[in-house]
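# Descriptive analysis of the structure
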Amino acid sequence: MAIVLNQDHRFEEVVPPFEPSEAMDEALRCYYCYDAPCIKACPTGINIPVFIRQIANHDVKAAARTIMDANILGATCARICPTEALCEGGCVRKEDSRPVSIGRLQRVAMDHAMTSDYLPLPDIGVHGQGRVAVVGAGPAGLGAATALTRMGYVVEVFEEKPEGGGLDTYGIVSYREPLSVSLWEVDLVHKLGTTFHFGTRIGRDIEWEGLRAQFDAVIIAVGLGRVPKMGILGEDLAGVWDALDLVEATKTMALDDIDIGRQVAVIGAGNTAVDAATCAKRLGAEEVTIVYRRDQTAMSAYQYEYEFAKQDGVSYKWWTVPVQVLGNHRVQGLRCARTQVVAGADKNSREADLQLLPGSEFVLPVDTVIRAIGQTKPSALWDEIGAETRNHRVVVDDETFSTSLSGVYAIGDCLGRGGEATVVAAVADGKKVAWAVHQQLTRTNERSV
Amino acid sequence: MADLSIDFAGIKSPNPFWLASGPLTNTGYQVSKAFDEGWGGAVWKTIGDPVINVSARLASIDYGGRRMMGLNNIELISDRPLDDNLREIAEVKRRFPHHAVIVSMMFESNPQIWAEMVKRVQDTGADGIELNFGCPHGMSERGMGSIIGQVPEYAQTITRYAADGSSLPVIVKLTPNVTDVRPPGKAAIQGGADALSLINTINSVMGVDIDSWMPIPQIDGRGSHGGYCGPAVKPIALHMLSSLYNDRAVRVPLCGIGGIETWRDAVEFLLLGAGAVQVCTAAMHYGFRIINDLTQGLNDYLDQRGIAQVNQIVGKAAMRVGDWNDLRLSYSYQLVANIHADQCIGCNLCYVACEDGAHQCIDRIPGQKAPVVREADCVGCNLCSLVCPVPDCIEMVPVEHAVSETWRQRQERLTSFS
């Protein structure tokens, strides 16, 4: 089942592409540093000064090749990487001017690649033989599949959803990254020679042990699950959304078929919460309020996401926690309480203990509640396959990502490492595990000769 | 306010900025407009037997996003009737009696023609004539232009043809397409030149279109060599200017030409011996209006230094440019690079430049942003300070050694011992 692309103007990409002359001006600002800090700041190690120089030399296609050689999801990362914390944060020009707009230049190259003929990638210089299964076609799985396919392995990817791309396809709002970008990247990996099995869930459509037996290595890259329940009364009422379901709906349904209501509360203050809030605004909600139990200093959304939501007219209610969703058949209000940190705790810390202010309860008059309080870890999966866990997290080797099961690896968000979960870090995981798998299989092959 | 006016070989001008002979000075309309906007003088586009031109006529090279770092032309001298040019020259001179109008001339090597033409130019009321011995394309292939400037005997002879019949100052414009500009310059003086101007354009092929394999510019599939000018040629002009200024046999005023775009460029020419300067490419690029920056900038520069008259700076740096053999050798005087770590932005360009293109004397220190110069191995070549994008981050620090010795002194010392 293919996704119907949403081309609704309400969800058009907000960041415009550089005009050719803007791109040239910006490319010429790059100093072409030696052993450049931007490269070190990129988890996938894209050779940024080289691709920018290629743009400046009018070799835009070569620039795209430079990017894709290091990061097959260069088109996604050009749009959604937190560049100020990564490459642009490392740019030396922040010292004498402002950083080079690396992300937008990367988009120039990748936009060009997307409208050009398929571009062969350079020989990776490493060659192996064997069969590798990748479970999950999200960023980590695509990163691993790409690297192993380029090394010569037979790689098959098993994906539960009808399309690949994982969160890039289903979880990123279209006005940050159009759906076509993510699907183009999946197609690219397919063109490299990776086989995809969509709509295929391990344990349902294919036996886990059978998979292990058929492949020399299995890489698990299933990501995280849905948004967990809040554990309050009334949260099963119609009108309560999982934020990820909402974003997915905006990409797979006609926007007019989504009933977002008029007054919306979003619970949580991460990037997904901001996405859900801005989605709700664009879908026509009149009032959208982000409800967070701490305040702005503790919120985990990037600063630019916070500003973006404010510009969209989203309001924030700090030091507030939902205690009950009100309504008979569907949401009619959200009972909230005010919070404060316990005496002596640091009110700017995300770790500080909170307490409810007695008698502070009030009702937010809303008809939609969206919960965006993180994602569940796939702990059931680890139990199912018998991989060792610690605190519900699968145990993997820091260097090789190998689990306690021989020949089974786990990468990406499903590790539940906490902290920043970015696409670029997932792709980097994929490249690292590919190398580890290659080394392991090379040793095995040598022994069996 | 400093006094910017000059008297250049008897030609008076309210400031030292003249438009060079070329497309800017093709008509009375243009020269009048330029004077209205503040130019001190103009050298009229070379008059001669009217020519027929080709199209296209210009090409440029761009660098780092800036257009026209270098400009090349294959346009010839004036294609307008002689009578029209002479009439407009007279009209402009009547309207602007205090501005300098110099008429560039190029005719075949015939003394009668020169005598007659010089007479007609004098009758316009023009302030001087400039002999175009420099044009490297087209006219040179017809026995005029740079073919004259490249052969000292020809330069002397033709200058004599013009000077003998002229009551006006005669400026000879020299071609840089020679190994040494001094012999043709001195020959022109012997032929009666009252002043020299330099440089004319440099012979060049601008480029090739790598898709079509056509030369740039191309005229229906063919190209030719043309004259190169613009900011890129300034160092060549400065060298030739200083070599003439420092030659004891050259006693006439020099007019500097070549890549002047800002008042700073002009000051450099003045300091190396130019009594006036001519501007072409920059005004073709941005229009006559740049004259305001030129005059204001020069005035401010002189005022800041308490210099009352612009001619007081002419040649003040020239004596410092000379023979390599008179430079102190590195065991006598040496520079050592010093990277100011507090200003370093960590681009490592100095490191890779020194490592690959110089003397491998810059080290990177793990965990530290700024590289460090290994002073004992630094030869003081300047490369690191040139590639560093941060002004003054890399300082070249002079180190005095006990002896003071140049190559010439060293040779003398060694000879005296033997």
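Remember, it's a predicted structure, so these values are computed and weren't measured experimentally. Along each chain, the written sequence defines residue order, and numbers are assigned to residues from 1. Lettering for chains starts from A, numbering for ligands starts from 1, and both go in the order in which the items are written. Given that the model is predicted, a residue must reach a pLDDT of at least 70 before its local features are reported, and side-chain atom pairs must reach 80 or more before they are shown or counted; all residues, however, enter totals for whole chains, interfaces and linings. Hydrogen atoms and water are omitted, and side-chain values are computed over all heavy atoms in the structure.

## Notes on helix H4 (residues 60-70) of chain A
Residues and elements named next belong to chain A. Of all 11 residues in H4, 8 are buried, a share of seventy percent or more. Of all the residues in H4, the buried ones are Val60, Ala62, Ala63, Ala64, Thr66, Ile67, Met68 and Ala70. Looking at the buried side of H4, the elements it contacts are helix H3 (48-56), helix H5 (74-80), helix H8 (102-114), helix H9 (139-151), helix H11 (179-192) and helix H17 (423-448). For every residue, the accessible area obtained with a 1.4 Å probe (protein chains only) is divided by the maximum for its type, and the residue is called buried under 20%, exposed over 50%, and partly exposed between those limits. Elements are defined by DSSP. Helices are runs of H or I of four residues or more, strands are runs of E of two residues or more, and each kind is numbered from the N terminus. In what follows, residue pairs with any heavy atoms lying within 4.5 Å of each other are defined as contacts.

## Describing the packing of helix H13 (residues 243-252) of chain A against helix H14 (residues 271-282) of chain A
Residue and element names in this part refer to chain A. Only C-alpha atoms enter the line fits that serve as axes; for helices the fit covers just the stretch in contact. Angles between N-to-C directions range over 0 to 180 degrees. Here H13 crosses H14 at 50 degrees, and the two axes come no closer than 9 Å. Viewed along their axes, H13 and H14 adopt a mutual orientation that is oblique. Relative to H14, the crossing made by H13 is left-handed. Residues Ala243, Leu244, Leu246, Val247 and Thr250 of H13 lie in contact with H14, whose contacting residues are Thr272, Ala276 and Cys279. When residues are sorted by character, Ala, Val, Leu, Ile, Met, Phe, Trp, Tyr, Cys and Pro go into the nonpolar class, Asp, Glu, Lys and Arg into the charged class, and all the rest, Gly among them, into the polar class. A per-class count over the contact of H13 with H14 returns 6 nonpolar, 2 polar and no charged. Here the angle decides the label: under 35 degrees means roughly parallel, over 145 means roughly antiparallel, 65 to 115 means roughly perpendicular, and every other value means oblique. Each helix crossing is assigned a hand: it is left-handed if the near helix lies turned anticlockwise from the far helix by less than a right angle, otherwise right-handed if that turn is clockwise.

## A short note on the sheet that holds strand S5 (residues 58-63) of chain B
Residues and elements named next belong to chain B. For two strands to count as paired, DSSP must find a minimum of two bridges between them. On the basis of which strands lie adjacent, the open sheet formed by 4 strands has the order S5-S6-S14-S11 and antiparallel pairing. Of all the strands in the sheet, the pair left with one neighbour each is S5 and strand S11 (202-204). Within the sheet, the average angular offset between the axes of one strand and its neighbour, ignoring direction, is 45 degrees. Relative to strand S14 (residues 226-229), strand S6 (residues 66-73) runs antiparallel, the two being bridged by 3 bridges. Looking across to S14, one finds that Leu71 is bridged to Cys229.

## Description of the interface of chain B and chain A
Listed by partner, the interface residues are 12 residues for chain B and 11 residues for chain A. Joining two parts hides part of their accessible area as seen by a 1.4 Å probe, and the buried area is that hidden amount summed over both. Summed over both sides, the interface between chain B and chain A buries roughly 910 Å², with carbon and sulfur atoms accounting for 64% of that surface. Polar contacts, as used here, are pairs of N or O atoms within 3.5 Å; protein pairs need one atom able to donate a hydrogen and one able to accept it. Residues neighboring in sequence count only if both atoms are side-chain atoms. On the surface where chain B and chain A come into contact, there are 4 residue pairs in polar contact (both at pLDDT 80 or more). When its residues are assigned to classes, the side of chain B that touches chain A shows 6 nonpolar, 4 polar and 2 charged.

By themselves, these figures tell us nothing about what the structure is for.
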